[in-house]
Every structure is written in C-alpha cells, then in structure tokens.
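# Coordinate inspection notes
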Amino acid sequence: MKHIPYGRQDINADDIKAVTDILTSDWLTQGPSVEEFEKKVAQYCGARYAVAVNSATSALHIACLAADLQPGEWLWTSPNTFVASANCGLYCGANVDFVDIDSKTYNLSASVLEQKLHTAKAAGKLPKVIIPVHFSGQSCDMEAIAVLARQYGCTIIEDASHAIGGTYKATRIGSCAYSDMTVLSFHPVKIITTGEGGMILTNRQDLYEKLVRLRSHGITRNPEQMEGESQGPWYYQQIDLGHNYRITDIQAALGISQMNRIDEFVSKRRALADRYSQKLRNLPLQLPYQEEKGNSAWHLYVIKLNKSYKTKTRRQVFEELRAKGLGVNVHYIPVHTQPYYKQLGFKQGDFPQAEEYYEGAISIPMYSSLTLEEQDYVIDAITEVLK
Ligand SMILES: *Cc1c(COP(=O)(O)O)cnc(C)c1O
C-alpha cells in the first residue's frame, strides 16, 4: 500500500557529497562550515547576524536568555504552535501566557494582542517577550505586532520554524525588520534540513555576541568581552551560564547544500499548494487563507472541515485517510490544553479560536519531493472520504 507522509526531507546527491566530504575534512564540529552556513542563511534572509545551534528548541531557549527573560516575568505566544514556543519561557523560570489566533490565518491575532496588552498594563503584568509563530509558513502581521511591542516595551522573537523562504511585505521572513530575533528550525519535515538544527537571526550586535556565548557554555575567547586582562592565547572566560547547543560541521555542510536548493523547494511547495487549493475547492473544507501582505513558505497545507459538515467526525475523516496510506497529521493541539499546561492553571475554553480550529484541522501531505501523481492520489482520497 502507498504511504505518503505529511512532510519529509528532500536529499539529493549534492547533499550526500557535502556531508561525506566533511567526514574526511579537519573539522567535524566548530569548524568553518558552521560559519559559512550562518553567513548563507543571514544573507538569504537579509539579517545582519546568524547563530546556528543544534535545534530550534535550543534557539528559542537562548533567544529568551539573550532577551534577559527573568524568573517571574512573562512570555506570550500563540496557543496554535508546537510546545517548544512556550516551553522556552518556562526554561527561564518565566510565566507563559497565550494570545488567541485569527480564525482565517490561524496566526496569533494582532487585535487580540492589542486588547490583552492593554489589560496587562493595567494589571502590571506586561510580557517581556512575545513570540509570534508564523504558522504553516505564513507570516503573522508583524507590522502591527512591532508597533504594539514598541509601545509596550516588549522584545519580539519570531518563531519562523515553518517559514524560511516566505516573505512579508518587502522583506524575507528572517530579516528581523519587525523583530529583535527570528528563530528557524532545520528538522527534516521543515523547509530545509540539517537532520536536527536551528538558528537565530538578529540585526543587533549585542544580542549576537550574547547568543554566541550562550550556545557554548557562556564562554568567550574575545579579550574585549573579558573581565580584566587575558592571561594568554589559551585563555577563555565564562561570563554567562550557557549550554552546549552547538551544531556540528556535518550538519552545517548539509545545511549549506540545502540552502543552494531553497528556491526550488519553496517554488515546488507553492505549486503544490496552488494545485490543492484549485482541486479541493468544492469540498466542505476551509482551505488555507493567504494574506496579500506576503507569500507563505508552505511548510504545512491544512484543510479544516466546515462546521456545517456533519457526515463524519474529524477523527473518522482522519482515520479513513490514514487507512488509504496518507500520513495525515494535526497541527496543533492547543498548547494550553496539554496536561503540563493545565497543571499551571490553563483550561479548555481559555483560547476558543485555537480550540475551534483544532477541532476541524488536518495537515495533508506537503513537501517538495511530492510528485503530481502522488498529489492526485491524495486529492482523490480526500474527495472520496468526504463524499
Ligand atoms: C519544529 C518546531 C519547533 C522546534 O523545532 P526543533 O528544531 O525540532 O527543536 C519550534 N516551533 C515550531 C513552531 C516548530 O514547528
């Protein structure tokens, strides 16, 4: 039987050669490939600095530390995201809260954010950090969010794990034109992969220097950052409490090779999305809505069952698609409904738009190496199941 996953990596002979070449080079980690990869991504996205790490989860953690998120302070993010976007606040001992989503884009809603900031100010509980998540690869309304963040003195960390290759207004996602930092993920289902990996982009030198230290134990070898004099060429100082979040040169080499292919990846995803939107349009589904301000990178293609569709439950539709060999998935179970977050005081009903979206959502296969023949099989299967 066919098995068509919802997402998968796209590896060619050039990618394989890039990795095997590194294995016989002088460096397996902390060598020149990491810096080359950083330069390449920073240049592509239009950001000044990039710091590559071993996952987006690590990237989110040290981005929060670089933003000086302290115990007792607040981090806000979207409930419609992977748990990592919220957990990074808890790693810092901060409190986490959520901002409900827009029912069309499924992104954190700028108007809900505005209301919530207004209320939080009166209560003296403004967030230090806001993490907008560019769900499925489509940018949040960053211009509106940036205006609010400036007004209320918040740091913005964009979670662009889905979104390298997407655009917003005149900029590429990752340019940090509307934020302090942007985080990328290179997990195999994302737009480009390094196996595991992540990156933080920023235009601020102070954040860049801090992120570089936090990636590797809080250690610096730069005499300008040291307390007192350097004792010699071997000397380093630990000036922050950092981690070992380093990425290897093996991974970075794969990342460099994947970056050579990113335009091809994104244009293939766009073509598949256009084709889905054309061929699924007469079914009882809400199809992905695209804002005119940007172009999605199309990490995910989510179909949402219309509320008026009662023939089958979402679970029935999901299971029937799985039975036809489609590796469909659901993105996301609202983070505040996870047991760990409930135990912190959240409950069902707290973020109704995210919950309503979740009830009907199914992510269908979307990746650059999906063939048109496979896509037709997917389209036929969905049409058949919803009949
Ligand atoms: C995948 C993902 C992450 C975590 O990425 P890793 O690289 O697996 O740590 C964080 N946020 C979002 C929105 C993601 O999709």
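The structure contained in this document is the topic of the report that follows.

Cut-offs applied
- Residues numbered from 1 in each chain as written.
- Predicted model: local features only at pLDDT ≥ 70, side-chain atom pairs only at ≥ 80, totals over all residues.
- Heavy atoms only, no water.
- Helix = DSSP H or I, 4+ residues; strand = E, 2+ residues; numbered from the N terminus.
- Buried < 20%, exposed > 50% of the residue type's maximum accessible area, 1.4 Å probe, protein only.
- Areas by Shrake-Rupley, 256 points an atom, 1.4 Å probe, with all protein chains shown as cover.
- Contact = heavy atoms within 4.5 Å.
- Pairing = 2+ DSSP bridges.
- Near = heavy atom within 4 Å.
- 1 Å grid on protein atoms, 1.4 Å probe; cavity = no way out; pocket = protein on both sides within 12 Å on 5 of 7 lines; lining within 4 Å.
- Sits in = over half its atoms within 2 Å of the grid points.
- Nonpolar A, V, L, I, M, F, W, Y, C, P; charged D, E, K, R; others polar.
- Axes fitted to C-alpha atoms, helices over the stretch in contact; angles between N-to-C directions.
- Core = buried A, V, L, I, M, F, W, Y, C linked by side-chain atoms within 4.5 Å.

Helix and strand counts for the chain come out as 13 helices and 17 strands. Considering only C-alpha atoms, the chain reaches an extent of 75 × 60 × 40 Å along its principal axes. For the chain, buried positions account for 55% of its 387 residues. Accessible surface, the chain as shown: approximately 17,100 Å² in total, 49% of it carbon and sulfur.

On to the side chain of threonine 155, then. The topology assignment puts threonine 155 in strand E6 (residues 155–159). Here threonine 155 falls in the buried class, since its relative accessible area comes to 15%. Excluding anything up to four places from it in sequence, threonine 155 contacts Ala67, Lys128, Val129, Ile130, Asp180 and Met181.

Further remarks concern the pairing of strand E9 (residues 181–185). Along E9, 5 of the 5 residues are buried, which leaves the element largely enclosed by surrounding structure. Burial along E9 is two-sided: the residues Met181, Val183 and Ser185 and Thr182 and Leu184 are all buried. Pairing between E9 and strand E10 (residues 198–202): 5 bridges, direction antiparallel. Bridge pairing in E10 places valine 183 opposite isoleucine 200.

Attention now goes to the site of the ligand. As a matter of local geometry, the ligand sits amid 15 residues, with Thr57, Asp159, His162, Ser185 and Lys190 nearest to it. About the coverage of the ligand: the protein hides 93% of its 380 Å² of free accessible area. Comparing atom positions with the cavity grids shows the ligand to sit within the second largest pocket. Looking at the shell around the ligand, the elements that each hand over two or more residues are helix H3 (56–66) and helix H4 (84–91). For the shell around the ligand, the class distribution of residues is 5 nonpolar, 8 polar and 2 charged.

On to the sheet that holds strand E5 (residues 129–131). Taken in spatial order, the 7 strands of this open sheet run E2-E10-E9-E6-E5-E3-E4, and their pairing is mixed. Here the strands that pair on one side only, and so sit at the sheet edges, are strand E2 (49–53) and strand E4 (95–98). Strand-to-strand twist of the sheet, defined as the mean angle between neighbouring strand axes without regard to direction, takes the value 20°. Relative to E9, H3 is tilted by about 165°, and along the sheet it contacts E2, strand E3 (74–77), E5, E6, E9 and E10.

Cis rather than trans, the peptide bond between histidine 331 and tyrosine 332 has omega equal to 0°. Mapped onto the secondary structure, tyrosine 332 falls in the loop between strand E16 (326–327) and helix H11 (339–342). Within the chain, cysteine 176 stands out as a residue other than glycine whose phi angle is a positive 60°. Examined against the element boundaries, cysteine 176 turns out to sit in the loop between strand E8 (171–172) and E9. Its identity as a non-glycine residue notwithstanding, histidine 217 has a phi of 70°, on the positive side. Histidine 217 gets classed as partly exposed once you look at its relative accessible area, which sits at 33%.

As a further point, take the nonpolar core. Among the nonpolar cores identified, the biggest contains 45 residues, and Ile131, Ile157, Met181 and Ile200 are the most heavily contacted of them. Of all the secondary-structure elements, those providing two or more residues to this core are E2, H3, H4, E4, E5, E9, helix H7 (205–215) and helix H12 (352–360). In terms of residue count, H3 provides more of this core than any other element does, 7 residues in total. Counting 30 residues, the second largest nonpolar core, distinct from the first, contains Tyr301, Tyr309, Ile362 and Leu370.

A regular strand places its side chains so that they alternate between the two faces of the sheet. Burial within strand E15 (residues 301–305) is extensive, with 5 of its 5 residues counted as buried. Of the two faces of E15, the one lined by Tyr301, Ile303 and Leu305 and the one lined by Val302 and Lys304 are each fully buried. Here strand E13 (residues 285–286) pairs with E15 via 2 bridges, running antiparallel. Across the sheet, residue leucine 285 finds its bridge partner in E15, namely leucine 305. As paired strands, E15 and strand E17 (residues 361–364) are joined by 4 bridges and run antiparallel to one another. Its bridge partner being in E17, isoleucine 303 is matched across the sheet by isoleucine 362.

The next subject is the sheet that holds E13. Taken together, the 3 strands give an open sheet; going across it, the order is E13-E15-E17, and neighbouring strands pair in antiparallel fashion. Across the chains shown, the open sheet's two edge strands, defined by having one partner strand only, are E13 and E17. Each of E15 and E17 is contacted by helix H10 (residues 314–323), which is oriented at about 15° to E17, the strand it contacts most.

Here we come to H4. In terms of residue burial, H4 counts as a mostly covered element, since 6 of its 8 residues are buried. The first or second residue beyond H4 is glycine 93, which carries a positive phi of 80°.

Moving on, we come to H12. Residues three or four positions apart in an α-helix share a direction because the helix packs 3.6 residues into each turn. Listing the buried residues of H12 in full gives Ala354, Glu355, Tyr357 and Gly360. Looking at the buried side of H12, the elements it contacts are E15, H10 and E17.

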